[in-house]
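# Examination of the molecular architecture
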Amino acid sequence: MTIQRTRSDLGLATALRISVSRLARRLRAERLAGGVGRELSDTQFAALAALERHGAMTPGELAEHEKVQPPSMTRVMAVLEERALVMRAPHPTDRRQVMLTVTDSGREIVQQSRRLREAWLAVRLRELSPAERAILRAAAPVLEKLSQS
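This section reports on the structure supplied with the text. Just so you know, the residues in each chain are numbered from 1, in the order the chain's sequence is written. Note on the predicted model: pLDDT of at least 70 is required for a residue's local features to be given, and 80 or more for side-chain atom pairs to be given and counted; whole-chain, interface and lining totals, by contrast, use all residues. Calculation of side-chain values draws on the structure's entire complement of heavy atoms; hydrogens and water are dropped beforehand.

### Here's the deal with the packing of helix H3 (residues 59-66) against helix H4 (residues 70-82)
If you want to describe how two helices pack, look at the angle between their axes and the distance between the axes. Axis geometry follows a simple rule: fit a line to the C-alpha atoms, using only the stretch in contact for helices, then measure angles between N-to-C directions, giving values from 0 to 180 degrees. Numbering of helices and strands runs from the N terminus; a helix is a DSSP stretch of H or I covering at least four residues, while a strand is a stretch of E covering at least two. In contact at an axis separation of 9 Å, H3 and H4 are set at 110 degrees when each is read in the N-to-C sense. Regarding the angle of H3 to H4, the classification is roughly perpendicular. On H4, the residues touching Pro59, Leu62, Ala63 and Glu66 of H3 are Pro70, Met73 and Met77. When residues are grouped by polarity, Ala, Val, Leu, Ile, Met, Phe, Trp, Tyr, Cys and Pro land in nonpolar, Asp, Glu, Lys and Arg in charged, and all others, Gly among them, in polar. Residues that form the contact of H3 with H4 fall into these classes: 6 nonpolar, no polar and 1 charged. Geometric relationships in this document are graded by angle, where less than 35 degrees denotes roughly parallel, more than 145 denotes roughly antiparallel, 65 to 115 denotes roughly perpendicular, and other angles denote oblique. By the convention used here, residues are in contact when the closest approach between their heavy atoms is within 4.5 Å.

### Focus: the layout of surface pockets
Here a cavity is any set of points on a 1 Å grid over the protein atoms alone where a 1.4 Å probe fits but cannot get out, and a pocket is any open set with protein on both sides within 12 Å along at least 5 of 7 lines; a residue lines the site when it has an atom within 4 Å of a point. Grid points are joined across faces, edges and corners, and a volume is the space filled by probe spheres set on the points. Size it by volume and the largest pocket reaches roughly 2700 Å³. The set of elements that each furnish at least two residues to the lining of the largest pocket consists of helix H1 (9-33), helix H2 (42-54), H3, helix H5 (104-126) and helix H6 (130-148). The greatest single-element share of the lining of the largest pocket, amounting to 13 residues, is contributed by H6. Classifying every residue of the lining of the largest pocket gives 24 nonpolar, 6 polar and 16 charged.

### Comments concerning the pattern of salt bridges
Here, a salt bridge means any side-chain nitrogen of Lys or Arg that lies within 4 Å of a carboxyl oxygen of Asp or Glu. Taken as a whole and judged by the stated rule, the model has 8 salt bridges. Here Arg31 and Asp42 are joined by a salt bridge, their closest N and O atoms 3.1 Å apart. With Arg31 in helix H1 and Asp42 in helix H2, this residue pair connects regions lying 11 residues apart in the sequence. Only protein chains enter the area calculation, which uses a 1.4 Å probe; residues under 20% of their type maximum are buried, those over 50% are exposed, and those in between are partly exposed. The class of Arg31 is buried, set by a relative accessible area of 4%. The salt bridge involving Arg124 is made with Glu127; its shortest N-O contact spans 3.3 Å. Here Glu127 falls in the exposed class, since its relative accessible area comes to 57%. Among the charged side chains, a network of salt bridges with common partners joins Arg28, Arg31 and Asp42.

### Concerning H4
An ideal rise of 1.5 Å per residue puts 18 Å on 13 residues; H4 measures up with 18 Å between its terminal C-alpha atoms. All buried positions along H4 are accounted for by Met73, Val76, Met77 and Leu80. In a view along the axis of H4, the buried residues occupy a sector of 100 degrees, so they form one face of it. What points out from H4, more than 90 degrees from its buried face, is the exposed set Arg75 and Glu82. Against H2, H3, strand E1 (86-90) and strand E2 (98-102) lie the buried residues of H4. A helix's residues, less one, multiplied by 1.5 Å, set its expected span. Here the arc refers to the directions that run from the helix axis out to each C-beta atom.

### What to know about the environment of Thr103
Looking at the element boundaries, Thr103 is found in the loop between E2 and H5. Sequence separation between Thr103 and Ala84 is 19 residues; the distance between their C-alpha atoms is 7.0 Å. Not counting the four nearest positions on each side in its chain, Thr103 is found in contact with Ala84, Leu85, Val86 and Met87.

Remember, this is a structural readout, not a statement about activity or role.
What follows is the structure, given as structure tokens:
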């Protein structure tokens, strides 16, 4: 990525799209290579990880969080529930709703996968100079903000 290409917002958008997509593919490959949760699709794994990180949610809340349609999340939850990775419980105040929570098995899959991918990324980060790592530290909150918009 040259400085010239990233001077415009469009050039920066292109460079970020390519780099972030490539990094996401590499992290996904590490998840699959580690064998942890290999049987789960990316969407299933992301939903499981969201429940592990944020706690119990309704299917609608989880669908909104993951930016998918509620019927899609219903299918995802059916698979995760069938594999005993999530469980449903009655909503504490709304009988029409259910709450989804991650099981111990689901939590272990997410945490083990996270450890493997973070270890891979830590090795890659050690290959960078201290100045490059400082730039990434400063950029991390900005990238998080972009991912939430």
